[in-house]
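Structure at a glance
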Amino acid sequence: MSKADTKADTKGTVKIEGNRKSCIFYLPYPLEKTGNRARQLRPRKMLMAFREMGYRVFLIQGYSEKRKARIKLLKSLIDQGVKFDFMYGETSTEPIRLSDPKHLPVHPFMDFAFFRYLKEQGIPVGIFYCDIYWKFPVYKESVSGWRYYAAIHFYRSEMKKFSEALTRLFIPDLRMCRYMECPEAEAIASALPPGADPVTGPEKVQRGRRSFNKHPLEIFYVGGIGAFYRLDELLKAIEPLEQVRLTICCRENEWETEKEKLLPLMTDRVEVVHKNEDELAPYYEKADIGSLMFEADEYRGMARPVKAYEYLGHHLPVLATKGTAIGDFAEETGFGWSLPFDSEAIRKKLEEILAEPKLLTEKRKLAKALAPENLWISRAKQAAEELTGKQIQ
């Protein structure tokens, strides 16, 4: 058996090359080169991280017909003796078998048969399961009739199949386990939250005894707005605080939908911008605090938003909602403040920071110290180590 590994592009051209560690990266939908939504951002960052670690990556991505061709090619390489250390994959919000555009099970047995084949070949298999939205009433409100019941059937059977075919089921937060209703899946579950990119460029200048009259306290919010991501309590909190500014970065279409509700709560110290991922650096540089204040419910309470780790990567302390997974993380690690989703509580905390600027400096030092262990490459390393059972250098 050859100890070669592969170099393969997405068109299927393959070369057998010299000995080098290799892995398989699996995605049941097309991987876009851009896009800020977690569904595209997270797999793109993880793929880049594995490559940064020195892995030769065989990519299986796209809808079922494209995956079928790539799986066939991969099996031929394995037959030739090509070695792979593990497979890492991510799901979409739909069951894998319904991930094609028409949400029909075109190849209902293909993917899980492939996962079992890899395990039989001695290749560990890990999948990141992005959320469990389907277990909550809000999902039934968004999917009606027979489509709802069909989807639920596939979701439930998929969880059982995961427990049989995978080495590790990665999830954003272990709180998700309580909703799986599958002890076998819970037994192989491991938390793998989002990560951050390393900060590049000059370190932000830390002012001494800061005058907030000259240099206002800058809060930055980046993400969705609307019913699930209410900004009203934050806006009410800062309205009387002349020394506080807020920048909101959101999608333009969401702003057009929500602005009628939000404009009455806004002062001239609130700025709304619509920027892409690669345009955010100046806003992170200017910011003092990142906002993760949102109204928590049972489902969103276990969320680990990508933006939380982006704030952390830029050494920003955060305001986070108390009792949520990300609020607990901020409180346990000390890099932020965990507060009730209430304008009075937020306002009091901001007044405390304005009165004692060193509180901000202390939190920023903690965020800076915590950032290196929460980079995307740290997540990729964790996945590789848990799948292989080996320490990765």
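Presented here is an overview of the structure given in this document.

Criteria and thresholds
Residues numbered from 1 in each chain as written. Predicted model: local features only at pLDDT ≥ 70, side-chain atom pairs only at ≥ 80, totals over all residues. Heavy atoms only, no water. Disulfide = S-S within 2.5 Å. Buried < 20%, exposed > 50% of the residue type's maximum accessible area, 1.4 Å probe, protein only. Axes fitted to C-alpha atoms, helices over the stretch in contact; angles between N-to-C directions. Helix = DSSP H or I, 4+ residues; strand = E, 2+ residues; numbered from the N terminus. Parallel < 35°, antiparallel > 145°, perpendicular 65-115°, else oblique. Left-handed = near helix turned anticlockwise from the far one by under 90°. Contact = heavy atoms within 4.5 Å. Nonpolar A, V, L, I, M, F, W, Y, C, P; charged D, E, K, R; others polar. Arc of directions from axis to C-beta. Phe/Tyr/Trp six-rings, centres within 6.5 Å; stacked < 30°, edge-to-face > 60°. Core = buried A, V, L, I, M, F, W, Y, C linked by side-chain atoms within 4.5 Å. Right-handed = clockwise from strand over helix to strand, strands pointing away. Pairing = 2+ DSSP bridges.

Turning to the state of the cysteines, a few remarks are in order. Throughout this description, disulfide means a covalent bond between two cysteine sulfur atoms. Across all of its chains, the model carries zero disulfides by this definition. The thiol of cysteine 177 is unpaired, and the distance to the nearest cysteine sulfur, on cysteine 182, comes to 10 Å. The exposure class assigned to cysteine 182 is buried, which follows from its relative accessible area of 5%.

A word on the packing of helix H3 (residues 110-120) against helix H5 (residues 145-165). Following both chains from N to C, one finds H3 and H5 inclined at 15°, their axes separated by 9 Å at the closest point. The angle between the axes of H3 and H5 places the two elements in the roughly parallel class. Seen from above, H3 lies across H5 with right-handed handedness. The segment H3 lies against H5, with Phe112, Phe115, Arg116 and Lys119 engaging Glu158, Lys161, Phe162, Glu164 and Ala165. Of the residues assigned to the contact of H3 with H5, the class counts are four nonpolar, no polar and five charged.

The subject of this paragraph is helix H8 (residues 252-262). Turning to H8, its buried residues are Glu254, Trp255, Glu258 and Leu262. Down the axis of H8, the smallest arc covering the buried residues is 95°, so these residues share one side. Seen from the open side of H8, the exposed residues pointing more than 90 degrees away from its buried face are Asn253, Thr257 and Glu260. Buried residues along H8 sit against helix H7 (232-238) and strand E11 (270-273).

The next point concerns the packing of aromatic side chains. Under the counting rule described, the total for this entry stands at 26 aromatic pairs. Taking the centre distance of 5.0 Å and the plane angle of 0° together, the rings of tryptophan 134 and tyrosine 155 count as stacked. Here the residue tryptophan 134 occupies a position in the loop between strand E6 (125-128) and helix H4 (137-142), and tyrosine 155 occupies one in helix H5, the gap between them amounting to 21 residues. Among the residues examined, tryptophan 134 registers a relative accessible area of 5% and is labelled buried. Aromatic side chains phenylalanine 220 and tyrosine 283 sit 6.0 Å apart centroid to centroid with 15° between the ring planes, which places their arrangement in the stacked category. Taken together, the positions of phenylalanine 220 in strand E9 (residues 217-222) and tyrosine 283 in helix H9 (residues 281-286) put the pair 63 residues apart, joining distant regions of the chain.

Glancing now at the nonpolar core. Side chains that are nonpolar tend, in soluble globular proteins, to be buried together. Judged by nonpolar contacts, the single largest core of 55 residues is most densely connected at Leu217, Phe220, Ile248, Ile289, Tyr311 and Leu350. Broken down by element, the residue count for this core peaks at five residues, all from E9. Once residues lying within four places of it in the same chain are set aside, the contact partners of tyrosine 311 are Phe220, Tyr221, Val222, Tyr284, Gly290, Ser291, Leu292, Leu316 and Val318. Of all hydrophobic cores here, the second largest spans 47 residues; its members include Leu77, Ala165, Ile171 and Tyr299.

On to the environment of arginine 245, then. Tracing the backbone shows arginine 245 in strand E10 (residues 244-249). Exposure remark for arginine 245: the relative accessible area of 23% places this residue in the partly exposed category. Taking the C-alpha atoms as reference points, arginine 245 and glutamate 271, 26 residues apart in sequence, are found 8.1 Å from one another. The residues touching arginine 245, leaving out its near neighbours within four places in the chain, are Pro216, Leu217, Glu218, Ile219, Asp268, Arg269, Glu271 and Lys286.

Neither face of strand E13 (residues 318-321) is exposed, since Val318 and Ala320 on one face and Leu319 and Thr321 on the opposite face are all buried. Chirality of the crossover, the property in question, places the unit of strand E12 (residues 289-292), helix H10 (residues 306-313) and E13 among those that are right-handed. In the sheet, E13 pairs with strand E14 (residues 336-339) via four bridges, with the strands oriented parallel. By the bridge assignment, alanine 320 is partnered in E14 with serine 338. Once you follow E13 into helix H11 (residues 325-333) and on to E14, the crossover reads as right-handed.

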